[in-house]
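# Reading the structure
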Amino acid sequence: MGRFQWQMILIGLGQSVTWMVTLGLVLAGRLSMWVGFPIAFVCCCFAYLPSHEGQHGNLSGRRKGWQWIDPFVGQISLIPLRQSHQVLKVTHMKHHAHTNDPELDVDHHCMEGGFLNAAISVHRGPRAEVLAANAERDPKFAEGVAKGMPMQRLLGGLLLVAVVFFPLKTFFVWWLPSALAQSYQFIYFGWQPHRPGDQVGRYRDTRFWTTLAPRYLFQSMQTHIIHHMYPTIPHWDEPKAMEALRPFIVERGIPGAERIPKRVRFNPLIARDEAPRA
Amino acid sequence: MVEVNPVELPRTSAVQRAITLVLAHIDRWGAVWFGFVFWGSVIFAAARRIWPDAPTPGVLAGSLLIGLGGGLAARRRGYWL
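Small disclaimer: the values here were computed from a predicted structure and weren't measured.

### With respect to the overall build of chain B
- Each helix and strand counted, chain B has 2 helices and 0 strands in total.
- In chain B, which comprises 81 residues, the share counted as buried stands at 20%.
- Partitioning the intrachain contacts of chain B with sequence separation of at least 6 by distance along the chain shows that 62% fall at a separation of at least 24.
- By element, 68% of the accessible surface of chain B is carried by carbon and sulfur atoms, the whole surface being about 6,100 Å².

Laid out in structure tokens, this is it:
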């Protein structure tokens, strides 16, 4: 049993409410869509991670009687992205189970090229043959996807209704920020931590990475190796866990481990990346 | 031979059948409708801003056709980009 990750609950609900208010003000003509667009983009960038934590039960800490918080906050957080928490949950579990396996990892299509391919491939979705292979091996996977589809269709339908009445406002405050944010998320949450994407195994499929920009711009996805080793550690606590597990990570030879500094908390981790080019 | 109690057979109402048909249609033609409605509307609104004096029916028809064409292409390819 873990702790309530109140920070992520706050981010999930906060960004979603901010986005809804922004969209409402823009549609009502009280706010310019040119002001609404950057606000919506920032909201959309923060929309996935709270759902991701909910997918692992890390919002409620898997506390009995409080587990409803995970799908509840997770789904509210995903409204700006027009995604179903349930669909993302079942597909994400397959990503964890088969990371970097081209035949079973539902996110592997982002690894077949540079960051531009990752930015585009998120909009194509997982490959049909990968979904079919997972469904064949695990009937509950197909059931889980089917269970989440009504929400996805509902949000897609709402977008279509909105665009008929407010075409440009819907485009600039909903569709475009959502599309750009999903590209950003797939680059830094999927492609960057798993580059070059050809190594499998718990201690090989994820790497420690850095850039010349502070980690806060990438929602600290530099600590993604901790998440893949221990998915039930709350995202907010991953820097602390990385400091504690650093000797173990180095000993295991996890890619990039030798570059992990002793202090990760409050460290922007600014450094040139040394990853093999894709 | 397995005996089936007709009372226990799942009964589908006309509404359920209609919903199933609509969902199947969305699965098959969703990209085309998305292109027609979404991109058609956005292109039309943008065109009206760029060419405010152009005849509305022509601009609307052109916009919807472009959206429809994009949707058909996306359906054929299996993805948009």
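### Let's talk about the interface of chain A and chain B
- Facing 13 residues of chain A, the contacting portion of chain B comprises 14 residues.
- Approximately 1,300 Å² of surface area, both sides summed, lies buried where chain A meets chain B, with 79% of it carried by carbon and sulfur atoms.
- A per-residue breakdown of the area chain A buries against chain B is headed by Arg 124, Arg 153 and Leu 168 of chain A, which together make up 40% of the total.
- Where chain A meets chain B, there are 1 salt bridge.
- With a shortest N-O distance of 2.7 Å, Asp 27 of chain B and Arg 153 of chain A are connected by a salt bridge.
- Elements represented by at least two residues in the side of chain A that touches chain B include exactly α8 (139-165) and α9 (167-194) of chain A.
- At 5 residues, α8 of chain A tops the list of elements feeding residues into the side of chain A that touches chain B.
- For the side of chain A that touches chain B, the residue count by class is 10 nonpolar, 1 polar and 2 charged.

### Some points on unusual backbone geometry
All names here are of chain A.
- For the bond from Arg 195 to Pro 196, the omega torsion is -5 degrees, close enough to zero to count as cis.
- Looking at the secondary structure, you find Pro 196 in the loop between α9 and α10 (224-229).
- If you check the backbone angles, Asn 100 has positive phi at about 70 degrees while not being a glycine.
- Note on placement: Asn 100 falls in the loop between α5 (85-97) and α6 (115-121).
- With a phi angle near 50 degrees, Gln 219 is a residue other than glycine that sits in the positive phi range.
- Considering the arrangement of structural elements, one finds Gln 219 in the loop between α9 and α10.

### As for the environment of Leu 10 of chain A
- Here Leu 10 of chain A shows up in helix α1 (residues 6-27).
- When the C-alpha positions of Leu 10 of chain A and Pro 50 of chain A are compared, they lie 8.8 Å apart, and in sequence the two are 40 residues distant.

Rules of the game
- Counting restarts for each chain, with residues numbered from 1 along the sequence as it is written.
- Lettering of chains starts at A and numbering of ligands starts at 1, both following the order in which they are written.
- Per-residue local features of the predicted model are confined to residues with pLDDT of at least 70, and side-chain atom pairs are confined, for both listing and counting, to 80 or more; whole-chain, interface and lining totals are unaffected and use all residues.
- Side-chain numbers here rest on the full set of heavy atoms in the structure, without hydrogens or water.
- Numbering of helices and strands runs from the N terminus, with a helix taken as a DSSP run of H or I at least four residues long and a strand as a DSSP run of E at least two residues long.
- Each residue's exposure class comes from its accessible area (1.4 Å probe, protein chains only) as a fraction of the maximum for that residue type: buried when under 20%, exposed when over 50%, partly exposed otherwise.
- A contact between two residues is defined here by any heavy atoms of the two lying within 4.5 Å.
- With residues, only the protein chains shown are counted as cover, and all accessible areas are computed by Shrake-Rupley using a 1.4 Å probe.
- Throughout, the accessible surface (probe 1.4 Å) given up by two parts as they are put together, summed over both, is called the buried area.
- Each reported salt bridge corresponds to a side-chain nitrogen of Lys or Arg within 4 Å of a carboxyl oxygen of Asp or Glu.
- Charged residues are taken to be Asp, Glu, Lys and Arg, nonpolar residues to be Ala, Val, Leu, Ile, Met, Phe, Trp, Tyr, Cys and Pro, and polar residues to be all remaining types, Gly included.

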